[in-house]
Amino acid sequence: MNRQFRYFWLGCIITSLSWAFVVYYSLSTQEPNTQPIPHEGYSNFHQRLRFHPKNPGFRHVDLDSPDFQERDERFHGRRRKDGIRNEVLNERNRPNKNDETDQGANDIGLIKNAKDQITREEGYHLYAFNQLISDRLGFHRAIPDTRHQFCTTKHYGPNLPPASIVVCFYNEAWSALLRTIHSVIDRTPKELLHEIVLVDDFSNLDHLKDKLEQYIDAHLPLVRLHRTTKREGLMRARTFGADHATGEVLVFLDSHCEVNRNWLEPLVSRIAEDKRHVVIPIIDIVSSDTFEYQASPLVRGGFNWGMHFRWDQIPDKDLKTKADYVNPVRSPTMAGGLFAIDREYFTYLGKYDQGMDVWGGENLEISFRIWQCGGTLEIIPCSRVGHIFRKRRPYGSPRGEDTMTKNSLRVAHVWMDDYKEYYFRVRPDAKIKAYGDISSRVELRKRLGCKPFKWYLDNVYPEQTLPDEQGHAPVAANQQIFAHPKHTPVKLGQLKHRESGMCVISTKEIHSKGALLKLGPCYDGRQKTSQVWTETDTHEFMLADLLCLDTEGSRRGRAFPRLMKCHFEKGSQEWKWMGEEHNHLYNPASGKCMAVITEEGEKYMSMEICSEDSNMEFEFVR
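What comes next concerns the included structure. For clarity, every value in this text was computed on a predicted model and none was experimentally measured. In this convention, every chain numbers its residues from 1, walking through the sequence in written order. Restriction of local features to residues with pLDDT of at least 70 applies here, the model being predicted, together with a cutoff of 80 or more for giving and counting side-chain atom pairs; totals for whole chains, interfaces and linings are based on all residues. Think of the side-chain values as coming from all heavy atoms in the structure, minus any hydrogens and water.

## Description of the overall build of the protein
The criterion, for reference: Secondary structure elements are defined from DSSP: runs of H or I of at least 4 residues count as helices, runs of E of at least 2 residues count as strands, and each element is numbered from the N terminus. Throughout, exposure labels follow a simple rule: accessible area from a 1.4 Å probe, protein chains only, divided by the maximum for the residue type, with under 20% read as buried, over 50% as exposed, and the rest as partly exposed. Residues count as neighbours in contact if any of their non-hydrogen atoms are within 4.5 Å of one another. Each accessible area is a Shrake-Rupley result for a 1.4 Å probe, and residues are judged covered by the shown protein chains and nothing else.
Per the secondary structure count, the protein includes 14 helices and 26 strands. Going through the 622 residues of the protein one by one, you find that 54% of them count as buried. Taking the intrachain contacts of the protein between residues at least 6 apart in sequence as the baseline, contacts between residues at least 24 apart amount to 72%. For the protein, the accessible area works out to roughly 28700 Å², and carbon and sulfur atoms hold 51% of it.

Here it is in structure tokens:
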């Protein structure tokens, strides 16, 4: 045999033996009854393996332990940031200094091949979020501790009521659903976690059938999976789950959440003081495009006369001292997806309206009912739960009905008395629409001795304003318009394509929203102002300080950057320099880089899989 090949085969044998020894040693040093969690539960992006107890109850991952922090940095490229403080946030949203993480590697959403592209596109179609990033994150990840700093000084009693966590889902993504469950297990004290009641509302995706049951049997002994026999919708599915729960407190969560540090103790502690307290965590934002976990400000729930939920500024009179920023805050309504309530009180109040269908209006119905029938609805600032805020709802009614209108009509006719006429000023078309039999809910209101809706407006929501004859209502009293924080320019100049020496310009006027981008001659003098880009400290690219570089444009089946109104919420308008020479413009939301393509004789900007191609190389020039 040729000497060269002989050494090659000898090297292969030595390498194989070395790997065999490493695997044997690793397995032999594990505690008994351990087995690897299926690989899809963890980040395939970095190809590492963790171990999980086979069935010794359940294991809590200590997110503060040096071992977890080291592994999290190794898996996701994260660095722990102690003493972090964001001075941009005001007292309404001042984070805890002990922030866990800076959210991870910039390239976790990078599309590397056609398979990644398919995963991403199918995820948006099925779930309305970036499944590629969700899958790569796995089931466990560190997230920033977004609580106010004063929350760390709060202490809760030793005998708090244990909770049943009720999670209903319909055709949810595997990684998002399991990350929801594991975040609850990872960040909830054992003595407070009675069970997790998982309700499948007649899903038809394969991974939510036998695969889910097998995973639960192997790894999640506290999870009780129940399935409906037909599509019930959110209200009936949640009632179905509550009827199977046995904990003293019910906590309802959506199936695409991540609970934060010490999230449950403040909720059950408040309920322990008075069973009539229905409590809500602050709902932090998990980006549907990048999965960045972002703190939400301290706001409360309201509604408009079209029967849509809205977030309202908290009146200044309720925030006079620093302690007010961590004490319970009365809220006229709830968003609906996340709240906690005493299980017996939930039954006493009438659970959910079983005549409502699928989705919509149930949050206002239960909010009005809580207040009018003797309870209180409060936001608990020291409890934080992240929620994926999607830009659309990826499912509808099985029969195509307008369930939002039907459900809103049920709310109006049962709970709003003569004030329902203000709803009809906004929605005159709804007067003739059917809403089903409401006699049982009218009887419930009588039996509970509930107060009139005028009492609710006078005592709970006096800031609410009434619409005029045309259905237009002024902004609620004492409300302030949220202003985006000012962004600091870090670079200013023309964006030049290195290979061609040409500059990136708009295909239309610089103030034209939706305009595509192309290459053109680099101007000097006065004409140069129409080609000046500003890169901000939050990674937006603004042309002439008017519009932002965005990635949501498409034409002929391809994605093209375009100019859109700046929303300053990252996502499709976040751009980062990457590559060995930091000359590639990468958009984390799309997972692609900006490139130059030739079409119909013009050189347009397009979004392509990142590579070392010179068509992707850009630079700022003054």
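## Comments concerning the state of the cysteines
Heads up, the rule is: The disulfide criterion is simple: two cysteine sulfur atoms within 2.5 Å.
Scanning the model with the defined rule gives 5 disulfides in all. Each disulfide pairs two cysteine sulfurs, and for Cys151 the partner residue is Cys382, the sulfurs being separated by 2.1 Å. Measuring handedness by torsion sign, the sulfur bridge of Cys151 and Cys382 sits at about -85 degrees and is left-handed. Here Cys382 lies in strand S14 (residues 376–389) and Cys151 lies in the loop between helix H4 (131–137) and strand S3 (163–169), a separation of 231 residues in the sequence. Classification of Cys151 by relative accessible area gives buried; the value is 3%. In this structure Cys382 comes out as buried when scored by relative accessible area, which is 1%. With its sulfur 2.0 Å from that of its partner, Cys373 forms a disulfide with Cys450. Here the S-S torsion is close to 100 degrees, and the disulfide linking Cys373 with Cys450 is therefore right-handed. Taken together, the residues span a long stretch of sequence, with Cys373 in the loop between helix H10 (362–372) and S14 and Cys450 in the loop between helix H13 (439–448) and helix H14 (453–459) at a distance of 77 residues. Judged by its relative accessible area of 13%, Cys450 is buried. Indicated for the protein is the disulfide connectivity 1-3, 2-4, 5-6, 7-8, 9-10, based on numbering the bonded cysteines in sequence order.

## Here we look at the pattern of salt bridges
Operational definition: One speaks of a salt bridge when a side-chain nitrogen belonging to Lys or Arg is within 4 Å of a carboxyl oxygen belonging to Asp or Glu.
This structure, assessed with the given rule, holds 36 salt bridges. Measuring nitrogen to oxygen at the nearest pair gives 3.8 Å for the salt bridge that ties Lys275 to Glu344. Within this pair, whereas Lys275 is found in the loop between helix H8 (264–273) and strand S8 (277–287), its partner Glu344 is found in helix H9 (residues 343–348), the two being separated by 69 residues in sequence. Given the relative accessible area of 47%, Lys275 is considered partly exposed. Where salt bridges share partners, they join Glu232, Arg236, Asp357 and Lys406 into one cluster.

## Observations concerning helix H6 (residues 210–219)
Quick reminder of the rule: Regarding the arc, it is the one traced by the directions from the helix axis to the C-beta atoms.
When H6 is considered as a whole, its buried residues turn out to be Leu212, Tyr215, Ile216 and His219. The buried residues of H6 occupy one face: seen down the axis, they fall within an arc of 100 degrees. Among the exposed residues of H6, those oriented more than 90 degrees off its buried face are Asp210, Gln214 and Asp217.

## Let's talk about the pairing of strand S5 (residues 223–227)
Worth spelling out the cut-off: Here, a strand pair is defined by DSSP locating no fewer than two bridges between the strands. Here is how to tell: hold the view so the strands point away, follow the path from the first strand over the helix to the second, and if it runs clockwise the crossover is right-handed.
The pairing of strand S4 (residues 193–200) with S5 spans 5 bridges and is classified as parallel. What sits directly across from Val197, in S5, is Arg224. Taken together, S4, H6 and S5 constitute a β-α-β crossover, and its handedness is right-handed.

## Comments concerning the environment of Tyr523
Structurally, Tyr523 is set in the loop between strand S17 (517–520) and strand S18 (532–536). Residues Tyr523 and Gln494, spaced 29 residues apart in sequence, show a C-alpha to C-alpha distance of 9.1 Å. Tyr523 has contacts with Gln494, Lys528 and Gln531, leaving out every residue within four places of it along the chain.

## Quick word on the side chain of Glu292
Quick note on the threshold: Distance and chemistry together define a polar contact, namely a pair of N or O atoms within 3.5 Å, with one atom able to donate a hydrogen and the other to accept it when in protein, and with adjacent residues in sequence counting only for side-chain atoms on both sides.
Tracing the sequence through the fold places Glu292 in the loop between S8 and strand S9 (293–294). Since its relative accessible area comes to 18%, Glu292 is described here as buried. For Glu292, the side chain forms a polar contact with the side chain of Lys570, separated by 3.1 Å.

## Structural notes on the packing of helix H11 (residues 403–415) against H13
Filter applied, for reference: Note on method: axes are straight lines fitted to C-alpha atoms, helices fitted across the in-contact stretch only, with angles between N-to-C directions ranging 0 to 180 degrees. For classification purposes, an angle smaller than 35 degrees is called roughly parallel, one larger than 145 roughly antiparallel, one from 65 to 115 roughly perpendicular, and anything else oblique. Should the near helix be turned anticlockwise from the far one by less than a right angle, the crossing is termed left-handed; should it be turned clockwise, right-handed.
The contact between H11 and H13 brings their axes to 10 Å, and the two run at 40 degrees. When the interaxial angle is binned, H11 and H13 end up oblique. Between H11 and H13 lies a crossing of right-handed hand. Along its contact with H11, which presents Arg410, Val414 and Trp415, the element H13 presents Arg441, Val442 and Arg445.

## Considerations on the environment of Tyr456
Along the chain, the position of Tyr456 falls in helix H14. Residue Tyr456 is classed as buried on the basis of its relative accessible area, which comes to 0%. A C-alpha to C-alpha distance of 7.7 Å links Tyr456 and Phe368, two positions 88 residues apart in sequence. Excluding its chain neighbours within four sequence positions, the residues that come into contact with Tyr456 are Phe303, Pro332, Thr333, Phe368, Trp371, Gln372 and Tyr461. Only 2.9 Å separates the side chain of Tyr456 from the backbone oxygen of Pro332, close enough to count as a polar contact.

## Description of the nonpolar core
For clarity, the threshold we go by: Put simply, buried Ala, Val, Leu, Ile, Met, Phe, Trp, Tyr and Cys residues joined by side-chain atoms within 4.5 Å make one nonpolar core.
Counting residues in each nonpolar core, the largest one holds 58 residues, and the members touching the most others are Phe339, Ile341, Phe368, Phe453 and Tyr456. For Phe453, the contacting residues outside a window of four places in its chain are Phe303, Trp305, Phe368, Gln372, Trp415, Met416, Asp417, Tyr419 and Arg445.

## Structural notes on unusual backbone geometry
One non-glycine residue with positive phi stands out, namely Asn171, at about 50 degrees. You can see Asn171 is positioned in the loop between S3 and helix H5 (174–186). Taking relative accessible area as the criterion, Asn171 reaches 15% and is therefore assigned buried. Even without being glycine, Lys351 reaches a positive phi, approximately 50 degrees. Mapped onto the secondary structure, Lys351 falls in the loop between H9 and H10.

## Section: the pairing of strand S11 (residues 309–312)
Regular strands place their side chains on alternate faces of the sheet. Across 4 bridges, the pairing between strand S10 (residues 300–303) and S11 is antiparallel. Across the sheet, the residue bridging to Arg300 is Asp312, located in S11. The turn linking S10 back onto S11 is made up of 5 residues, and Met307 within it adopts a positive phi angle of 70 degrees.

## What to know about the packing of aromatic side chains
The geometry of two aromatic rings is summed up by the distance between their centres and the angle between their planes. To keep things clear, this is the line we draw: The criterion for an aromatic pair is that two Phe, Tyr or Trp rings (for Trp, the six-membered ring) have centres within 6.5 Å, with stacked assigned to planes under 30 degrees apart, edge-to-face to planes over 60 apart and tilted to the rest.
Across all of its chains, the model carries 25 aromatic pairs by this definition. On the basis of an interplanar angle of 20 degrees and a centroid distance of 5.9 Å, the ring pair of Tyr345 and Tyr348 is categorised as stacked. One end of the pair is Tyr345 and the other is Tyr348, both in helix H9 and 3 residues apart, which spans about a single turn. Tyr345 sits in the buried class, given a relative accessible area of 8%.

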